[in-house]
Amino acid sequence: MNPGAADPFLAVEGWDDSTAQQWADVLELRATNPSQIQLRADLIAAARLTPGDTVVEVGCGTGITLAELAAAVGPAGRALGFEPQPMFARLARQRLAERRLSQASVEIGTAEAIPLGDATVDAAVAQTVLVHVPRAAAALAEMCRVVRPGGRVASIDQDGDALVIDHPDKELTRRLVAFSSDHRYADGWTGRRLPRMFRAAGLGDVTVSMRCHLETEPGNFLHAVVLHLAESALEMGVVSDAEWRRWTGALAELAETGSFFASTNYYLCSGVR
């Protein structure tokens, strides 16, 4: 199986509306977690935005972070979002309109081809985008290209091997986590590789820090992620039907008894153009 073969975000342009809405709901659910709220605040702080700045967000999704970026640059600034998934882009525009953030806009576009001139913005950011891009170095180079000298580039990405799930079946859980890291991201080690990628892109003053997203309640973001993971592993033949039933059944018992536990690590890296 090729790296990224089971990455659900590899071809978002071709999703049907049902799939797009399902993942939009997952992103909205993730955004409510206190650690995610703090993570977004830290991303914006890393961009060192001031009122009147122009900031780009690649892969802006449903506009959660973009709206906060727009608030950071104020009415005199600009927040430009680029998103390849059409429903996500529509939902992002709706969010901006509801909040009357006229300084922000969303266009269909990818991180690998930002439709802006060289050195035209003050900062470029990405939230869990590069981890899903097969040519992440090229995408990072594009982010650097559009940022003016002295501006900042910042990215938050996961480390697939850092997914922790409490489950009585250690062997099968380890197999599922390895499958997730190796095949449900373009590169599951993107998080740990960010500092090296940033330096290779020519960025200076590179810093990196880690944030943990932890959940102990079923029905939240990581619970949904774990269930998607198990379903994908079944579809790809990584686990048998009997193993899937056994593993998900034990997970359901943990959830029912209030013993669900899962966490994952995010790495925030920033640098100066």
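Calculation notes
- Residues numbered from 1 in each chain as written.
- Predicted model: local features only at pLDDT ≥ 70, side-chain atom pairs only at ≥ 80, totals over all residues.
- Heavy atoms only, no water.
- Phe/Tyr/Trp six-rings, centres within 6.5 Å; stacked < 30°, edge-to-face > 60°.
- Buried < 20%, exposed > 50% of the residue type's maximum accessible area, 1.4 Å probe, protein only.
- Salt bridge = Lys/Arg side-chain N within 4 Å of Asp/Glu carboxyl O.
- Helix = DSSP H or I, 4+ residues; strand = E, 2+ residues; numbered from the N terminus.

Visitor: What am I meant to see in the packing of aromatic side chains here?
Guide: For any pair of aromatic rings, geometry is given as the distance between the ring centres together with the angle between the planes. Under the counting rule described, the total for this entry stands at three aromatic pairs. For the ring pair Phe9 and Trp15, a centre distance of 5.4 Å and an interplane angle of 65 degrees mean the geometry is edge-to-face. The class of Phe9 is partly exposed, set by a relative accessible area of 21%. Classification of Trp15 as buried rests on a relative accessible area of 15%. An angle of 75 degrees between the planes, with centres 5.7 Å apart, marks the rings of Trp15 and Phe88 as edge-to-face.

Visitor: What am I meant to see in the pattern of salt bridges here?
Guide: Any two side chains of opposite charge can pair if their charged atoms end up close together. In the structure shown here, the tally under the stated rule is 15 salt bridges. Between Arg175 and Glu171 there is a salt bridge, with its nearest N and O atoms 3.3 Å apart. Residue Arg175 and its partner Glu171 are located together in helix 6 (residues 170-183), separated by four residues, close to a single helical turn. Residue classification places Arg175 among the partly exposed residues on the basis of a relative accessible area of 26%. Accessibility expressed as a relative area gives 47% for Glu171, which makes it partly exposed.

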